[in-house]
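# Summary of structural features
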Amino acid sequence: MLRGRQSWQFDTKPVIVSTAAVGGSFEGKGPLAADFDVIYDDIWLGQDSFEKAEQKLLENACHIAMDKAGLKPEDITFFLSGDLMNQIISSSFTARSLGIPYLGLFGACSSSMEGLALACKLLDNGGANYVLAATSSHNAASEKQYRYPTEYGAQKPPTAQWTVTGAGAVIIGREGTGPVITGTTIGKVVDMGISDPFNMGAAMAPAAVDTIEIHFNDFGIDADYYDLIATGDLGLTGYTIAKELMKKRGISIADNVYTDCGILIYGQNPLVFSGASGCGCSAAVTYGHFLNRMKKGEIKKMLIVATGALLSPMSYQQKETIPCIAHAVSFEIS
Amino acid sequence: MPKRKKLTTAQQDYANTAKALEPKRPVVKNVLMAFVVGGLICTLGQILQFIFINYFGFEESQAGNPTAAVLIIISALLTGLGIYDHIAQRAGAGTAVPITGFANSIASAAIEHRSEGYVLGVGANMFKVAGSVIVFGVFSAFVVAIIKILINGVGGL
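Residues numbered from 1 in each chain as written. Chains lettered and ligands numbered in written order. Predicted model: local features only at pLDDT ≥ 70, side-chain atom pairs only at ≥ 80, totals over all residues. Heavy atoms only, no water.

All names here are of chain A. Judged from the 4 bridges that link them, strand S5 (residues 78-83) and strand S6 (residues 102-105) form a sheet pairing that is parallel. The residue of S6 that forms the bridge with Gly82 is Leu105. A crossover links S5 with its parallel partner S6, the connecting element being helix H3 (residues 89-98), and its sense is right-handed. (Pairing = 2+ DSSP bridges. Helix = DSSP H or I, 4+ residues; strand = E, 2+ residues; numbered from the N terminus. Right-handed = clockwise from strand over helix to strand, strands pointing away.)

So, in structure tokens, the structure goes:
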């Protein structure tokens, strides 16, 4: 059901049947290591290219989620997936091997919640029995496509972010005991004129704040409704700016409620500069860490606001500014 | 070349807000590190040249070639072993400007695109970072040579 300007309220409350989070060795050294289902020590995952390695990450996350739920590919009605590679090859090639009817998405790093929101809408309308939604990213594959060769010695500024090597997958269905999805807010593209691809946090922060504000308005709630509100991958720079923007707009969120997946996944590691980014970031942190905390009862209601920078390697060379988007999904314990 | 679009007032306001909260590039530290590391690499080159002249019987005018070759090999090795980019993050222009930076840009691109094959991958992408250095380096050399000829033509300095 449409709520307000751009939100859906799911009256049937789609249930999270199972989730999976996988990561690389660098993610395995971070503070959330225990929340991953599998950590791969080899960034190649035994493949002969980074692109194939990313596909393997995504495939494995999907298989783990299905195994946990005791489901087979033929039980899943639809597969929704997105990633950062040109022509979303990681997702489409995974769909090739899974053989599940597939809708490919591109919302950059917001794809995780874009996929989950659409999956819930499909279920809510009675259009599916089970839907698998997943996203992935690979540090080296992204560096290769968006920036310089991995081993090239370019000095990065302190606002730069580190693309997560990882994937997250979720299966939602109509029945179960897991947390449920109660609603979602689809964001609009916001471009506040940032054009530096090494400053994605500052580029994406306004989109995140916009979606959060609209979410509260559409549902007639405020930040106190949630135990946890997390943006996808703003990193420390974007997080600090987002807090300032919220203050300016009169949105008050307590510091212990608002966090960012891009800050949590690596902790205070100077190697990652401002924090993490990538489709795998919000997906792995949400489907691993946050849902584990929900299962333990530490969080009862949470809002995940996945943020995406919709640039291409060519657009910033042509001096285009970076259009950004954020989608919010509301998780609650049933 | 495309020009950057003019920012709206709201975008300009945001740029100011964001700028105030962003961590700054440590420019002074970067410049000092570049000076020290770049200087060390040049000193290493000087030592190598000294060795080639005194122990391998090279003329001073010829010793530059094997010196450059050794620096290139070291740089390519460190690139292949995944160490060079970590040094470069601290050294900045100090590792980018000397011949080692040039070798790193070629070796890293060659490694990166190995998965697309030798012709369309390695061959076509090897110079994707170094290419502009070659193009503009050769062009500036040409301009400087013309200036030199003109000055000599009017009787020199």
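Still more to cover.
It is common to give the size of an interface as the accessible area lost on bringing the parts into contact. At the junction of the two partners, chain B supplies 37 residues and chain A supplies 39 residues. Here chain B meets chain A over a buried area of about 3100 Å², counting both sides, of which 59% is carbon and sulfur. Summed over the shared surface of chain B and chain A, the number is 1 salt bridge. Secondary-structure elements contributing two or more residues to the side of chain B that touches chain A are helix H1 (9-21), helix H4 (84-91) and helix H6 (99-112) of chain B. Grouping the constituent residues of the side of chain B that touches chain A by class yields 13 nonpolar, 13 polar and 11 charged. (Contact = heavy atoms within 4.5 Å. Buried area = accessible area lost by both parts, 1.4 Å probe. Salt bridge = Lys/Arg side-chain N within 4 Å of Asp/Glu carboxyl O. Nonpolar A, V, L, I, M, F, W, Y, C, P; charged D, E, K, R; others polar.)

This part is about the packing of aromatic side chains. All told, the structure shown has 11 aromatic pairs over all chains when counted by the stated rule. On the basis of an interplanar angle of 50 degrees and a centroid distance of 6.5 Å, the ring pair of Trp8(A) and Phe10(A) is categorised as tilted. Here a set of aromatic residues connected by ring pairs shows up, and it is made of Phe26(A), Trp162(A) and Tyr266(A). Directly above the ring of Tyr225(A) sits Lys301(A), whose terminal nitrogen or CZ lies 4.2 Å from the centroid. Sitting over the face of the ring of Tyr118(B), Arg114(B) holds its NZ or CZ atom 4.4 Å from the ring centroid. (Phe/Tyr/Trp six-rings, centres within 6.5 Å; stacked < 30°, edge-to-face > 60°. Lys NZ or Arg CZ within 6 Å of the ring centre and 35° of its normal.)

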